[in-house]
Amino acid sequence: MPTSQDMTTEFDPGLLDALQHQVAVFARRAEQTRLGGTGQLRNSMDRAAYLLLNRLDQEGPMGVKALAAGMGIDSSTVTRQVAPLVDTGLVKRTSHPEDGRAVVLQLSPRGLARLEEVRSSRRQLMVEVTEGWTPDERESFCTLLTRFNTALSARQSAHTGVPATESAATAPAATADPAGAAPAADDRADGTSESAQTS
């Protein structure tokens, strides 16, 4: 069975070095800018809140366990991150349509409006960052970045045993976190940051 060393020698070491370096630089730049959009909405929603709201928008109402499984994190983390979103009215708890005893999380109208504001700001950031790119170049980059994120997710799943259900394909590539960097220290789960709070 080929070893990791054998597999590495099949590729151009110089290219692999350049690739890992550029990924490291991207991770640093992404953390510094937080890919948070432009203008007044720049960095106005932290990563955890954005991913949770985006998931609820894409998948519809769901329970904490389903949301946690879909994002590849544990239920206690989801519970902690969702609480301030409920407190600020971005997410609401409702009864399950088929089982009144069960509670599901649902994106509120206010949450959807807030999410759309942030999405629009982040789209503008992608426009500015990729200015001068052709549509084909943007599409190719998105395809390859999605593929890279999916491979990283699968590798993490293989090492941790946690299903890699939060595929990069289910989230906008412009805001995906390919390096898996942790949220910045000033991230707040209520969808705001210390430096840019908005209603």
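The rules behind the values
- Residues numbered from 1 in each chain as written.
- Predicted model: local features only at pLDDT ≥ 70, side-chain atom pairs only at ≥ 80, totals over all residues.
- Heavy atoms only, no water.
- Helix = DSSP H or I, 4+ residues; strand = E, 2+ residues; numbered from the N terminus.
- Buried < 20%, exposed > 50% of the residue type's maximum accessible area, 1.4 Å probe, protein only.
- Contact = heavy atoms within 4.5 Å.
- Areas by Shrake-Rupley, 256 points an atom, 1.4 Å probe, with all protein chains shown as cover.
- Salt bridge = Lys/Arg side-chain N within 4 Å of Asp/Glu carboxyl O.
- Axes fitted to C-alpha atoms, helices over the stretch in contact; angles between N-to-C directions.
- Parallel < 35°, antiparallel > 145°, perpendicular 65-115°, else oblique.
- Nonpolar A, V, L, I, M, F, W, Y, C, P; charged D, E, K, R; others polar.
- Polar contact = N/O pair within 3.5 Å; in protein donor to acceptor, adjacent residues only side chain to side chain.
- Core = buried A, V, L, I, M, F, W, Y, C linked by side-chain atoms within 4.5 Å.
- pLDDT = per-residue confidence, 0-100.
- Phe/Tyr/Trp six-rings, centres within 6.5 Å; stacked < 30°, edge-to-face > 60°.
- Lys NZ or Arg CZ within 6 Å of the ring centre and 35° of its normal.

Trainee: For this particular structure, what's the right way to read the overall build of the chain?
Mentor: From N to C terminus, the chain includes seven helices and two strands. Moving toward the C terminus, one meets the helices and strands of the chain in the order α-α-α-α-α-β-β-α-α. Split into buried and exposed, the 199 residues of the chain put 35% on the buried side. A sequence separation of at least 24 residues applies to 64% of the contacts in the chain between residues at least 6 apart. Roughly 12000 Å² of accessible area belongs to the chain as shown, and the carbon and sulfur atoms make up 56% of that amount.

Trainee: Teacher, can you tell me more about the pattern of salt bridges here?
Mentor: In this structure the tally under the stated criterion is four salt bridges. Where Arg119 meets Asp57, a salt bridge forms, and the shortest distance between an N and an O atom there is 2.8 Å. Linking Arg119 in helix α6 (residues 109-129) with Asp57 in helix α3 (residues 47-59), this pair joins segments that are 62 residues apart in sequence. A relative accessible area of 30% means that Asp57 is categorised as partly exposed. One salt bridge in this structure joins Glu116 and Arg123, with 3.9 Å as the shortest N-O distance. By relative accessible area, Glu116 is classed as partly exposed at 33%. Given a relative accessible area of 48%, Arg123 falls into the partly exposed group.

Trainee: I would appreciate a short explanation of the packing of α3 against helix α4 (residues 64-71) in the present structure.
Mentor: The description of two helices packed together rests on the angle between their axes and the distance between the axes. One can describe the packing of α3 onto α4 by two numbers: an axis separation of 11 Å at closest approach and a directional angle of 110°. What the angle tells us is that α3 and α4 run roughly perpendicular. Of α4, the residues touching α3 (which contributes Leu51, Leu52, Arg55 and Leu56) are Leu67, Gly70 and Met71. Of the residues in the contact of α3 with α4, the class split is five nonpolar, one polar and one charged.

Trainee: When you look at the environment of Asp46 in this model, what are you seeing that I'm missing?
Mentor: In this fold, Asp46 is placed in the loop between α2 (13-33) and α3. From its side chain, Asp46 meets the backbone nitrogen of Ala48 in a polar contact 2.9 Å long.

Trainee: Sorry if this is basic, but what is going on with the nonpolar core here?
Mentor: General note: in soluble globular proteins, nonpolar side chains tend to be found buried as a group. Formed by 20 residues in total, the largest nonpolar core has its most connected members in Leu52, Leu53, Leu56, Leu67, Val82, Leu85 and Val91. Sorting the residues of this core by element identifies α3, α4, α5 (75-87), β2 (103-107) and α6 as the ones contributing at least two each. Among the elements that take part in this core, α3 stands out by supplying five residues, more than any other. Ignoring sequence-local partners within four residues, the contact set of Val82 consists of Leu52, Leu67 and Leu105.

Trainee: Got a minute to help me understand the confidence of the model for the chain in this structure?
Mentor: Looking at the chain as a whole, the pLDDT averages 77, with 67% of positions reaching at least 70. The lowest-confidence element of the chain is helix α1 (residues 4-9), averaging 60 in pLDDT; the highest-confidence one is α5, averaging 93. Between residues 166-199, whose pLDDT stays under 50, and residues either more than four places distant or in other chains, the model counts 88 contacts.

Trainee: How do you make sense of the packing of aromatic side chains when you look at a structure like this?
Mentor: How two aromatic rings sit relative to each other is set out by the distance from centre to centre and by the angle between their planes. As enumerated under the stated definition, the model contains one aromatic pair in all. Both rings, one in Trp133 and one in Phe141, keep their centres 5.4 Å apart while their planes meet at 90°; by these two values the pair is edge-to-face. Cation over ring: Arg122 sits above Tyr50, and NZ or CZ is 4.3 Å from the ring centre.

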